[in-house]
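Per-entry structural report
Okay, here's what each chain looks like letter by letter:
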Amino acid sequence: MTTPLRERGLTCDVDFGLDDWIVYAWPPDQDAVLIIGSDGGWLVTYETPAVDH
């Protein structure tokens, strides 16, 4: 998941929860993309302004 994002210039960080995992990605403009993955699928949200995780 993080490799294609990093190839496009985004900085990425990954957190793991009990049943899912969360990818934080920061595009060059410093807003944040939050990607939540689980067995049921994906949820992608765009957050502005970015929060330093």
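Our subject is the structure that appears above.
First, a word on scope: everything that follows refers to the structure included in this document.

Definitions and cut-offs
- Residues numbered from 1 in each chain as written.
- Predicted model: local features only at pLDDT ≥ 70, side-chain atom pairs only at ≥ 80, totals over all residues.
- Heavy atoms only, no water.
- Pairing = 2+ DSSP bridges.
- Helix = DSSP H or I, 4+ residues; strand = E, 2+ residues; numbered from the N terminus.
- Axes fitted to C-alpha atoms, helices over the stretch in contact; angles between N-to-C directions.
- Buried < 20%, exposed > 50% of the residue type's maximum accessible area, 1.4 Å probe, protein only.
- Core = buried A, V, L, I, M, F, W, Y, C linked by side-chain atoms within 4.5 Å.
- Contact = heavy atoms within 4.5 Å.

Turning next to the sheet that holds strand β4 (residues 41-47). Across the sheet, four strands lie side by side as β1-β2-β3-β4; this open sheet has antiparallel pairing. If you trace the sheet from one side to the other, it starts and ends with β1 (11-16) and β4, each paired once. For this sheet the average axis-to-axis angle between neighbouring strands, irrespective of direction, equals 15°. Pairing analysis gives seven bridges linking strand β3 (residues 32-38) to β4, with the strands arranged antiparallel. Within the sheet, the bridge partner assigned to I36 lies in β4 and is L43.

As for its position among the elements, A32 is in strand β3. Judged by relative accessible area, A32 falls into the buried class, the value being 4%. Along the primary structure A32 and C12 are separated by 20 residues, whereas in three dimensions their C-alpha atoms are 9.7 Å apart.

Within the largest apolar cluster, seven residues are counted, these being L5, L10, C12, V23, A25, V33 and I35. In this structure V33 touches V23, Y24, A25, P27, V44, T45 and Y46, once residues within four positions along its chain are discounted.

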